[in-house]
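Take a look at the letters that make up each chain.
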Amino acid sequence: MASVGHCLPTFLNGLLICVTLLSGLSVTAKPNRKPNIVLILTDDLDIAIGGLTPLAKTKKLIGDAGISFTNAFVASPLCCPSRASILTGKYPHNHHVINNTLEGNCSSTAWQKSQEPDTFPALLHNLGGYQTFFAGKYLNQYGDAKAGGLGHVPLGWTQWFGLERNSKYYNYTLSVNGKPEVHGAEYSKDYLTDVLANVSLDFLRYKSKYQPFFMMVSTPAPHSPWTPAPQYQDTYKDTKAPRDPNFNVHGKDKHWLIRQAKTPMSNASIQFLDNAFRSRWRTLLSVDDLVERLVLALEASKELDNTYVFFTSDNGYHTGQFSLPLDKRQLYEFDIRVPLMVRGPNIKPNQTSKLLVANVDLGPTMLDIAGYDVNKTQMDGMSFLPVQSRTDWRTDVLVEYEGEGHNVSDPSCPLLGPGVSECFPDCVCEDAFNNTYACVRSVAPSTNLQYCEFDDNEVFVEVYNVTADPFQLANIAKTIDQEVLEKMNHRLMMLQSCSGPSCRTPGVVRCTVCLFLSFFVLL
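What you see is a predicted model; the values in this text were computed from it and never measured. (Residues numbered from 1 in each chain as written. Predicted model: local features only at pLDDT ≥ 70, side-chain atom pairs only at ≥ 80, totals over all residues. Heavy atoms only, no water.)

Draft legend 1. Focus on the state of the cysteines. Under the defined criterion, the tally for this structure stands at five disulfides. The disulfide partner of C80 is C106, and the gap between their sulfur atoms is 2.1 Å. What sets the handedness of the C80 and C106 disulfide is the S-S torsion sign, and at about 95° it is right-handed. With C80 in helix α2 (residues 79-88) and C106 in the loop between α3 (92-95) and α4 (109-114), this residue pair connects regions lying 26 residues apart in the sequence. Among the residues examined, C80 registers a relative accessible area of 0% and is labelled buried. Listing the disulfide partners of the chain by sequence rank of the bonded cysteines yields 1-2, 3-5, 4-6, 7-8, 9-10. With no disulfide of its own, C79 lies closest to C80 among cysteine sulfurs, the gap being 8.2 Å. (Disulfide = S-S within 2.5 Å. Helix = DSSP H or I, 4+ residues; strand = E, 2+ residues; numbered from the N terminus. Buried < 20%, exposed > 50% of the residue type's maximum accessible area, 1.4 Å probe, protein only.)

Okay, structure coming up:
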């Protein structure tokens, strides 16, 4: 068993037109010293069902010290496609990662050749002069022997501590700069969240003082198997999954996969999901400790004032919504909306922004912070760092998901036949081949709308007015104005074929005369 420690080698004040832009992220670093950047990426952390509750220190040290975005969405509600979108700044139809399998292009050799050279960390390192550090979960199939094994270190990383395959807390293997390091089940040496914190602090201690740095720390929490640190295993004993209006109700007007969920859920199912909910929160307490240690270390080294710290997740999660026990993968707010908090130079504290952002925007924003021209890339996202005056901001983003199923019937659900997957013992399945959909998620001052189409025999459509119906109880596809429906359909087709600049156009809903006070006036 390896030791935890490692010695590493040496917008604007006033008004904005239409949608608030992130003027708080203007860079005023010292000459010849670019800002540092830290990205903390959690795994399956929701915001809709209380995922930030255990993260009190994180909210204080990042959210309260900067900006919290209330309309942050993922390009796909599944780990590998979403993480690929973060790294490349592209929608799934452009980076071609469709699921968590090697066959689905997750960390495949094709991905390594076609996409890894142009990820934003590679550009920061190769063209921006950044030291780059990675620790934690990368892509779900990373380390597969068919794709280079643990000897493969993605291009552009100065220091690499990549987890083999999917999230674990004990009994895992790390690739330490291409060499395997096996960990066991001893808390003081092996608990992964703490290991990531320690190697991150080592990097900060031993890195060069003459180059800016980028750190990406990717925690296993709160992904299953939800193993808490021993000091937290007895917390939240009385906590239950929230009983919101969409909890344990039948999705009667939704896609067939949602309608097949049994309502009401069995007592055993509710007990199971409540236990999982508590365990998820317990694992997050160690993430909260990690964030505190990193921020305090940056402060102690007098680097915090020149460092942007981002905190987010690869997708959301659900526990009992529409009688679906546990998972992500669905088109609803609880699965596609994620936390996003940012602190950094000249960001005024205690700010909240309604700006519509997607995880394809993270890479462009970080490149922009580093002074790299995002227009030189093929990224679909936009920088929310306004280095030049803008008069508008796009009002919609694309969400894509390709369903997965088995060619034979699931033993838990023989009555549903082949084509389903992620089935629970009481015959509720969370995925299927024809759970393939694409959505336009629109946010503007006058509109908060979601339009989704399924790639199935019905071409089933779901539409939600999220302002009037935040829990998405009523599918209004059959009652909404036909002209709006046609415009959203056209916009969806355009976004599904977009690439680069064509993905950044304003959208169906445009605001031409609305003026809004900036949410984050510079200090």
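Draft legend 2. Representation of the sheet that holds strand β16 (residues 396-401) within the structure. Read across the open sheet, the four strands follow the order β16-β19-β20-β21; overall the sheet is antiparallel. Each end of this open sheet is capped by a strand with a single partner; those strands are β16 and β21 (461-465). Sheet twist, expressed as the mean angle between neighbouring strand axes with direction ignored, is 15°. For strand β20 (residues 447-454) and β21, the ladder comprises five bridges, and the chain directions are antiparallel. When the bridges of β21 are listed, E453 appears paired with V461. (Pairing = 2+ DSSP bridges. Axes fitted to C-alpha atoms, helices over the stretch in contact; angles between N-to-C directions.)

Draft legend 3. Region of interest: the sheet that holds strand β10 (residues 307-313). Read from one edge to the other, the open sheet built from 10 strands follows the order β8-β7-β6-β5-β9-β2-β10-β13-β3-β14, with strand pairing classed as mixed. In the strand order of this sheet, the two ends are held by β8 (179-182) and β14 (351-353), each with one partner. Recorded for the sheet is a direction-independent mean angle of 15° between the axes of neighbouring strands. By the bridge criterion, five bridges tie strand β2 (residues 36-42) to strand β9 (residues 213-218) in an arrangement that is parallel. Across the sheet, L39 pairs through a bridge with M216, a residue of β9.

Draft legend 4. How the structure looks around the UniProt feature "modified residue: 3-oxoalanine (Cys)" (unreviewed entry) in the chain. In this structure's numbering, the residues bearing the UniProt feature "modified residue: 3-oxoalanine (Cys)" (unreviewed entry) are C79. Mapped onto the fold, C79 is located in helix α2. A relative accessible area of 0% places C79 in the buried class. Discounting chain neighbours no more than four positions away, the residues touching C79 are D43, D44, N100, K137, N140, H223, D314, N315 and K328. (UniProt positions renumbered as here; feature names shortened; annotations may be inferred. Contact = heavy atoms within 4.5 Å.)

Draft legend 5. Examining unusual backbone geometry more closely. Between S224 and P225 the backbone carries a cis peptide bond, its omega angle lying at 15°. Along the chain, P225 turns up in the loop between β9 and α8 (256-259). In this structure, P264 follows T263 across a cis peptide bond, with omega equal to 0°. Considering the arrangement of structural elements, one finds P264 in the loop between α8 and α9 (267-300). For W226, which is not glycine, the phi torsion reads 55° and is therefore positive. By secondary structure assignment, the location of W226 is in the loop between β9 and α8. Of note, the phi angle at R329 is positive, near 75°, even though the residue is not glycine. Residue position: R329 is located in the loop between β12 (326-327) and α10 (333-336).

Draft legend 6. Broad picture of the pairing of β9. Most of β9 sits inside the fold, with six of its six residues counted as buried. Neither face of β9 is left uncovered, since the one carrying F213, M215 and V217 and the one carrying F214, M216 and S218 both have all their residues buried.

Draft legend 7. Quick look at the side chain of N306. Residue position: N306 is located in the loop between α9 and β10. Residue N306 is classed as buried on the basis of its relative accessible area of 18%. A polar atom in the side chain of N306 sits 3.4 Å from the backbone oxygen of K34. (Polar contact = N/O pair within 3.5 Å; in protein donor to acceptor, adjacent residues only side chain to side chain.)

Draft legend 8. Quick peek at helix α1 (residues 56-63). Within α1, burial applies to T58, L61, I62 and G63. Angular distribution of buried residues about the axis of α1 spans 160°; they occupy a single face of the element. Among the structural elements, β2, β3 (67-69), α9, β10 and β13 (340-343) are those in contact with the buried residues of α1. (Arc of directions from axis to C-beta.)

Draft legend 9. Seen up close, the pairing of strand β5 (residues 131-137). The buried fraction of β5 amounts to seven of the seven residues, a majority that puts the element mostly inside the structure. One ladder, built from six bridges, connects β5 with β9; its direction is parallel. When the bridges of β9 are listed, G136 appears paired with S218. As judged from the five bridges shared by β5 and strand β6 (residues 159-163), these two strands associate in the parallel manner. What sits directly across from F133, in β6, is Q159.

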